[in-house]
Amino acid sequence: MTEVRPPEAATASLWERDAELTTVTQALDVLCTDRSSAGSLLVFRGEAGLGKTALLTETRRVAERRGCTVWTARGGETLKSVPFNVVRQLLQPALISLLPEEARDYLGDWYDIAGPALGIVDPGDRSADPPDPQYVCDGLVAAVRRLARREWPLVLLLDDAHWADQETLRWLAAFAERLDDLSVLVVVARRPGEASGDSARHLDAVAAAAGRPTHSLSALTPAATEGLTRATLGRYADDPFCREVWAVTGGNPYEAVELLAKVQDGELQPVESRAGELRALNRSARGGGLVARLKELGIDATQFAWAAAILGTGISVDLVAQLATMSLDDAERCAGLLSAARILTEPETGGAETEEGALEFVHPLIASAVYNSIPSGIRTAMHGVAAQILIDQGRGAAEAAQHLLKVHPDDDEELVAQLREAAAEHLAVGAPDAARRCLERALAEPPRPEVHAHVLYELGCATLLTAPGVTVDHLRSALAAPGLDEGRRVEAVVRLSQALLHNDELEEAVRTVEAEATRHPPGPVRMRLQAVQFMWEGIHGETVSQQRSRRLAELAGTCTGRDNSERAMLILRGFDAMTHGESAEEVVELCDRALVNGRLAPGLGWTDPEWGVELLMMLGSAYTYADRLDRAESLFAEALRAYTSAGWRGGHLSLANAFLGLAYRRQGRLRDAESALREALTLAERVGRGLPLYWSATCGLVDTLLARGHVDEAWSVAEQYGFAPPYPSTIVLPDIRSVRGRLLLAVGRTREGIGELEAAEKTAASRGGHNPVLSPWSIGLARALAGQDPARAARLAADARRQAERFGTDTAIGEALRCAAALETGQRAVRLAAQAVAYLEASPCQYEHAAARVEFGIASRSDAELDRGLALARACGADGLVAQASEALEAGRGLR
């Protein structure tokens, strides 16, 4: 069926592409010479028909001749809504060759995350915990990297990237940034200006990762067009005829090749007297001319071409026959006609096996022209038929969704059900944007009144991870519409409040659950809503009132921990007591009562949907600052494992790393803390700056760097990530103003540092007390004022000690004593420093213990104490403290 063209025509689009081919050859030289060489990325950009596909085809030919493995994929104009379509194409050669056991071995821990996106693993029921799209992207990056290592030398070719699905482009942008240690050549071809929104942003990131200028293809010059014309038609083609070929085609290689093929087909003499006929011939190669030429082939051939254009990919004679409602014999005859007319062709696979009867359009321009030529009503109907064929063949609603999305709304109950099913399948593989499109289309159908609110609810859930603001609108609409049962309504309210929180509308989140709670009689449902309300109020760091704490204490006093609503209330009461510096012993007792045999209760796990991550972060934080760091670390490490296994790679994993870093920081494992917090910040950046989780990661990292003595680096991080007012409305751990104040003091901006600490003092006064370990502003402020206002400094130190003794942990009392010692001189300073060491030696916070040892050694001029402090500081990774102890030791020896 494929027409054999003259050899010259096969390379026509490579005229005047010497520079680009040289770049490709040089990249292949590097790739094939050394398996340990860094990967490289080439981006070719050009308008339609300028030879991008021909350039990639030549790259493939040269690479395969040199023994490279080549994987190829192409975006499609009608297939942009199909998630992971292009990356699946790209990996098909590798995936087909792997048995399931081999695939699991190669992909390792990423198998269950990347496998569903690649279509090689059944995602199962992921409705409760759909994977985070960022984590799926990371899984795909890891999967391709692992598969690539076994195929060296490997070349990846991605054509028409401007039409690739958004999920593939997200993967490509991430993969392009990690080519330094992977010997692979990636070549991307795209048109300029075709993509928009996130797709354009991802393509820009790919171009930036290339590390070299994008190659912009230009049209052929008159001289090149003349050479091409004579190479195709013969040397006797005269100059005026050649110039007219260039003028008619504008030097577009694709149009020039097609025009010259028609000249040959019509046996037109290439002389000046016949040059006037070229324009009419050229019009027949594209747009309306192509459509007219298609009609000349007959109704059956036209319908076959339409059906092929509707399918877009996976075109086969058998499938087209079903869609065009014609016999297989007629379909094969039409395929032959269209191939002879250079409209369809057999795919170029480089020797790989393809489905019998497989076809593709000769050029994307032809595919677009044919698709756009289909009358609107017929096109819509054909999409509906195509969707039903795919569903009947058992390919699933997700695969049929590309067609379902293009069917006109018609109050079709079955279509709504299919779109909802497709959305659930998309969510299960980590494609929430694709799920959103399906559900938005389902709303346009529209759904039946009893279903409408459920579609809105599902739409809100689909956007929760990626667009909190959009989620708010959908869930509000769902709650305003009739149809949600009581259980689903409560879930919608809770999710709405979560979305409001992530959208930095905390006060509205509180009002939302408070209003819903009043609708319910006393019982588990009402208590759950009250717990959510107290939870959001509890993380509103600036406005937690004493009255609210009293109400929480009264309600928690009635709880025994018999169900998760009561357990949540106990956790909230424990966290509130910790933040206000009440008895740490009572804090731990409240938190312990919320556990079942020392573990999280069923339904209260890190990935359980009923309760948000914030509740368990509060539980772990209460343990952290109550000196139960073993339990805190265990909880946060469990969160890390749970989110990793569930595929939640965005904000949840960022928070898990941030709070595990907090636990490490309190333990004195400063290197581990820095590593975890940097990972948290990297993940938080992907979610978006300004969110509470972003502040937690940044604040924790600055605090840890200050503890390590890396002041310049701490300041650099603060500058880079905007660690400065205005602060978020939610509470940040560690205390944001105390950390910022300490940073300003460390870099010599004393007045500003004192101002930050005094602002923290005002917040504590409005809350009716504070924990001097959680919010150590009083200790920092006392030290800062020691020289200029010693009386106030002494009052602050005394208040810090009273608060510490009220709270009752060794760390709190030891830190207060360290502060008191720093304000004294002589033997009183030595006695206070010795008492601080005694308390902090019993504390799990080893950095503070090391600092107390060093300070005691300096005050008492004891080399033994300095040596012990030095050893502890080195173990913690506290480089500044190491330097301080070393200098004190050297100075002491010098005096002796």
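What comes next is a walk through the structure. (Residues numbered from 1 in each chain as written. Predicted model: local features only at pLDDT ≥ 70, side-chain atom pairs only at ≥ 80, totals over all residues. Heavy atoms only, no water.)

For the coordinates displayed, the defined rule picks out 60 salt bridges. We note a salt bridge from Glu815 to Arg818, for which the minimum N-O separation is 2.8 Å. Of this pair, Glu815 and Arg818 are both found in helix 41 (residues 810-822), three residues apart, which corresponds to roughly one turn of the helix. The exposure classification of Glu815 matches that of Arg818, with both residues buried. (Salt bridge = Lys/Arg side-chain N within 4 Å of Asp/Glu carboxyl O. Helix = DSSP H or I, 4+ residues; strand = E, 2+ residues; numbered from the N terminus. Buried < 20%, exposed > 50% of the residue type's maximum accessible area, 1.4 Å probe, protein only.)

All right, on to the packing of aromatic side chains then. Within this structure, the stated rule accounts for six aromatic pairs. Measuring from ring centre to ring centre gives 5.4 Å for Phe636 and Phe659, while their planes differ by 50 degrees; the resulting arrangement is tilted. Residue Phe636 is found in helix 32 (residues 629-646), and its partner Phe659 is found in helix 33 (residues 651-667); the two are separated by 23 residues along the sequence. Across the pair, Phe659 and Phe636 agree in class, each one buried. Through pairs of rings, three or more aromatic residues link up here, namely Trp695, Phe723 and Tyr727. Lying across the ring of Tyr371, Arg379 places its NZ or CZ 5.2 Å from the centre. (Phe/Tyr/Trp six-rings, centres within 6.5 Å; stacked < 30°, edge-to-face > 60°. Lys NZ or Arg CZ within 6 Å of the ring centre and 35° of its normal.)

Our next topic: the packing of helix 39 (residues 777-785) against helix 41. Running from N to C, helix 39 and helix 41 point in directions that differ by 10 degrees, and their axes come no closer than 10 Å. The pairing of helix 39 with helix 41 is recorded here as roughly parallel in orientation. Contacts between helix 39 and helix 41 involve Ile779, Ala782 and Arg783 from the former and Glu815, Ala816, Arg818, Cys819 and Ala822 from the latter. Looking at the contact of helix 39 with helix 41, its residues break down into five nonpolar, no polar and three charged. (Axes fitted to C-alpha atoms, helices over the stretch in contact; angles between N-to-C directions. Parallel < 35°, antiparallel > 145°, perpendicular 65-115°, else oblique. Contact = heavy atoms within 4.5 Å. Nonpolar A, V, L, I, M, F, W, Y, C, P; charged D, E, K, R; others polar.)

With six of six residues buried, strand 3 (residues 154-159) lies mostly within the body of the structure. Neither face of strand 3 is open: one carries Leu154, Leu156 and Leu158, the other Val155, Leu157 and Asp159, and all of them are buried.

One open sheet holds the five strands; their spatial order is 2-3-4-1-5, and the pairing between them is parallel. Every interior strand has two partners, whereas the edge strands, strand 2 (69-74) and strand 5 (215-216), have only one. Two elements, strand 3 and strand 4 (residues 184-190), share five bridges in a ladder whose sense is parallel. Among the inter-strand pairings, Val155 is bridged to a residue of strand 4, identified as Leu185. Sheet strands touched by helix 9 (residues 197-209): strand 1 (40-45) and strand 4. Its angle to strand 1, the strand with the most contacts, is close to 125 degrees. (Pairing = 2+ DSSP bridges.)

On to the nonpolar core, then. The biggest cluster of nonpolar side chains holds 126 residues, and the ones touching the most others in it are Trp536, Trp606, Leu619, Val702 and Phe723. When neighbours within four sequence positions are excluded, Val702 is seen to be in contact with Ala714, Val717, Ala718, Phe723, Val739 and Leu743. Judged by nonpolar contacts, the second largest core, of 56 residues, contains Leu90, Leu98, Ala114 and Val429. (Core = buried A, V, L, I, M, F, W, Y, C linked by side-chain atoms within 4.5 Å.)

A few words on the side chain of Thr59. Here Thr59 lies in helix 3 (residues 52-65). On the basis of relative accessibility, which here comes to 1%, the residue Thr59 falls in the buried class. Discounting chain neighbours no more than four positions away, the residues touching Thr59 are Val24, Leu157 and Val187.

Another aspect to go through is helix 44 (residues 863-876). If you check helix 44, its first and last C-alpha atoms are 20 Å apart, about what 14 residues at 1.5 Å a residue would give, namely 20 Å. Those residues of helix 44 not exposed but buried are Glu865, Leu866, Gly869, Leu870, Leu872, Ala873 and Cys876. At the C-terminal side of helix 44, Gly877 shows a positive phi close to 85 degrees. (Expected span 1.5 Å × (residues − 1).)

Moving on, we come to the environment of Pro100. Positionally, Pro100 belongs in helix 5 (residues 100-107). Separated by 21 residues in the primary sequence, Pro100 and Val121 place their C-alpha atoms 8.8 Å from one another.

Honestly, that's just the spatial picture; any functional story needs more than this.
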